Amino acid sequence: MIVKNSSLSVDTEKLRKKILDLAMRGKLVPQDSQDEPASVLLEKIKEEKAQLIKEKKIKKSKPLPEITEEEKLFEIPESWEWVRLGENIQIDRGGSPRPIKSYLTDDENGINWIKIGDTKENSKYITSTKEKIIPEGLKKTRLVNKGDFLLSNSMSFGRPYILKIDGAIHDGWLVISDFVSMLDNDFLYYLLSSKVIKDQFARLATGSTVKNLNKDRVSRVIIPLPPLAEQKRIVAKVEECMQAIKIIEDSSKEYEKLENQLDKKVLDLAMRGKLVPQDSQDELASVLLEKIKEEKAQLIKEKKIKKSKPLPEITEEEKPFEIPESWEWVRLGEVSAINTGNTPSKKYKEYYGGDLPFVKPADINNNHINYDTDEKLTDKGKEKGRIASPNDILITCIGNLGRNYFLDKDVAFNQQINAVTPINIEKIWLHYTLLSSFFIQQMYNNASATTVSILNKTKLERLLVPLPPLAEQKRIVTKIKEIEIYLKN
């Protein structure tokens, strides 16, 4: 997430990564000479492990290769040590009883069957499962316990999760256990989430289509190991920083919400004639409307636009609110020409592969249009398509209704979009009008009652617009732009 709040601009996701990187290099908290060095910790673990092997409580594992100087990724504090992740901790892979349906159960006492789908976005814990298996399934899977770490080992590989439940895991998981003598639980989570480890996982993962990890590769990953006391200080500082970042993000969301509310309020005031003062010297909107009719008749005579069906008179009951005396209520089709797009047949390859952008609703938002579309029309395609020109406003009429953008170059557009060509009015004023809450609400109120909202050209032409004098349209645009600049700075 990139947070932009007034004069503040912070890439919070990048900041999180930077904090973890500093933490794993020993640069986030100061070292304490009173801490027991990691080398002493490792010797103690080694002696304890040898005793457990001697007592036959654990099996002797294959030795991991020594870490060479070339492998060490960066300088670490003197009290730290480079070790392999699989040194002194247990890493195992899950297993899947097949066919799994034969082992699933609705019994409350069944064993939690832990799957990737049981993880929650941005959570470091797995707290519940959707499915359970019968005890017989344990013969072909692996039992895991609260406090163990799970690592996804395919698709989105290397994501760490801490278990808050007991259960069993399939072969899409690796489990890390018996690590507490060497690694603090939360430190291990942040370590596995850091660039230090993720970069190694990315290099070690195999597979051409689906990348995956295995136990041996994960065991060989090298980690920077601080003293246990410092691990706890690192965790405390990381969590303090992460909380501060969350406060920034939450504040930004509130600011964006407020900014959106202000934007809507500004447009609402503009549409009601309350954003700028009226000027008695302005030519009345009724006079402007007569000029628009004359201009439209001339354009029809010159065959630049098509003659449309007469629009119904506006009744008093239709008018949604009071407007200044110098304004007029009009239908959108009275002050513009409207055309619906179309899609040239995909059967003919010669229509596509040219240089004219072919725009779809997803290419339009209120501040941007994507001219670099995945489909572009050739000259033959242009003949079969519908073309909009600079100064036309494209408006989406399906799904998320009312997204609009005024063009500065020619484009073709599909049948889910209408092109609105302003006639003798300010195009940017019309752009803002079409963005206003009352106009968008009209679109939804008149859209077809299907699963997906659709508004056709005929209904779009009939929607109401409050028309100010031309000079006041210009003042409204200037004032809205001033407010936009103020909100962005």
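The structure contained in this document is the topic of the report that follows. All figures in this text were calculated on a predicted structure; none of them were measured in a lab.

Calculation notes
Residues numbered from 1 in each chain as written. Predicted model: local features only at pLDDT ≥ 70, side-chain atom pairs only at ≥ 80, totals over all residues. Heavy atoms only, no water. Helix = DSSP H or I, 4+ residues; strand = E, 2+ residues; numbered from the N terminus. Rg over C-alpha atoms; globule rule 2.2 N^0.38 Å. Buried < 20%, exposed > 50% of the residue type's maximum accessible area, 1.4 Å probe, protein only. Areas by Shrake-Rupley, 256 points an atom, 1.4 Å probe, with all protein chains shown as cover. Lys, Arg positive; Asp, Glu negative; His and termini not counted. Charge placed at Lys NZ, Arg CZ, Asp CG, Glu CD. Phe/Tyr/Trp six-rings, centres within 6.5 Å; stacked < 30°, edge-to-face > 60°. Pairing = 2+ DSSP bridges. Contact = heavy atoms within 4.5 Å. Axes fitted to C-alpha atoms, helices over the stretch in contact; angles between N-to-C directions.

Remarks on the overall build of the chain
Link 1 in the chain: Of regular secondary structure, the chain possesses 12 helices and 26 strands.
Link 2 in the chain: Whereas a compact globule of 489 residues would reach a radius of gyration of roughly 23 Å, the chain reaches 33 Å, over 25% beyond that.
Link 3 in the chain: Taken across its 489 residues, the chain has 44% of its residues classed as buried.
Link 4 in the chain: Of the roughly 27400 Å² of accessible surface on the chain, a fraction of 49% belongs to carbon and sulfur atoms.
Link 5 in the chain: Of note, the chain has its 80 positive side-chain charges centred 6 Å away from the centre of its 75 negative side-chain charges.

Let's talk about the packing of aromatic side chains
Link 1 in the chain: Throughout the structure, instances matching the rule amount to 10 aromatic pairs.
Link 2 in the chain: With 5.4 Å between their ring centres and 80° between their planes, Phe321 and Phe438 make a pair best called edge-to-face. Of this pair, Phe321 sits in the loop between α7 (285–301) and β15 (328–331) while Phe438 is found in helix α10 (residues 437–446), placing the two residues 117 residues apart along the sequence. The pair formed by Phe321 and Phe438 is uniform in burial state, with each residue classed as buried.
Link 3 in the chain: Look at Tyr352 and Phe358: their rings are 6.4 Å apart centre to centre, the planes differ by 85°, and that puts the pair in the edge-to-face class.
Link 4 in the chain: For Tyr352, a relative accessible area of 15% gives the class buried.
Link 5 in the chain: On the accessibility criterion, Phe358 (1% relative accessible area) is buried.

Let's talk about unusual backbone geometry
Link 1 in the chain: In this structure, the amide linkage connecting Arg98 to the following residue, Pro99, adopts the cis form with an omega of -5°.
Link 2 in the chain: Among the structural elements, Pro99 can be located in the loop between β4 (90–93) and β5 (104–105).
Link 3 in the chain: Positive phi values are uncommon outside glycine, yet Asn424 reaches one of about 60°.
Link 4 in the chain: With respect to the element layout, Asn424 can be found in the loop between β25 (417–422) and α9 (427–435).

Re the sheet that holds β4
Link 1 in the chain: Ordered in space as β4-β13-β10-β11-β7, the 5 strands form an open sheet in which the pairing is mixed. Both edges of this open sheet fall to β4 and β7 (125–126), since each of them pairs with a single strand only.
Link 2 in the chain: Of the strand pairs in this sheet, β7 and strand β11 (residues 160–163) are connected by 2 bridges, and their pairing is parallel. Across the sheet, the residue bridging to Tyr125 is Ile162, located in β11.
Link 3 in the chain: Running over the sheet, helix α3 (residues 185–193) touches β7, β10 (149–152), β11 and β13 (173–177) and is turned about 160° from β11.

Focus: the sheet that holds strand β22 (residues 393–396)
Link 1 in the chain: On the basis of which strands lie adjacent, the open sheet formed by 4 strands has the order β16-β25-β22-β23 and antiparallel pairing. Edge positions in the open sheet fall to β16 (336–340) and β23 (404–406), since each of these has one partner strand only. Taking the axes of each pair of neighbouring strands and ignoring which way they run, one obtains an average angle of 20° across the sheet.
Link 2 in the chain: Pairing between β22 and β25: 4 bridges, direction antiparallel. Within β25, the residue paired with Ile393 across the bridge is Val420.
Link 3 in the chain: α9 rests against β22, β23 and β25 of the sheet, and its axis sits at about 175° to β23.

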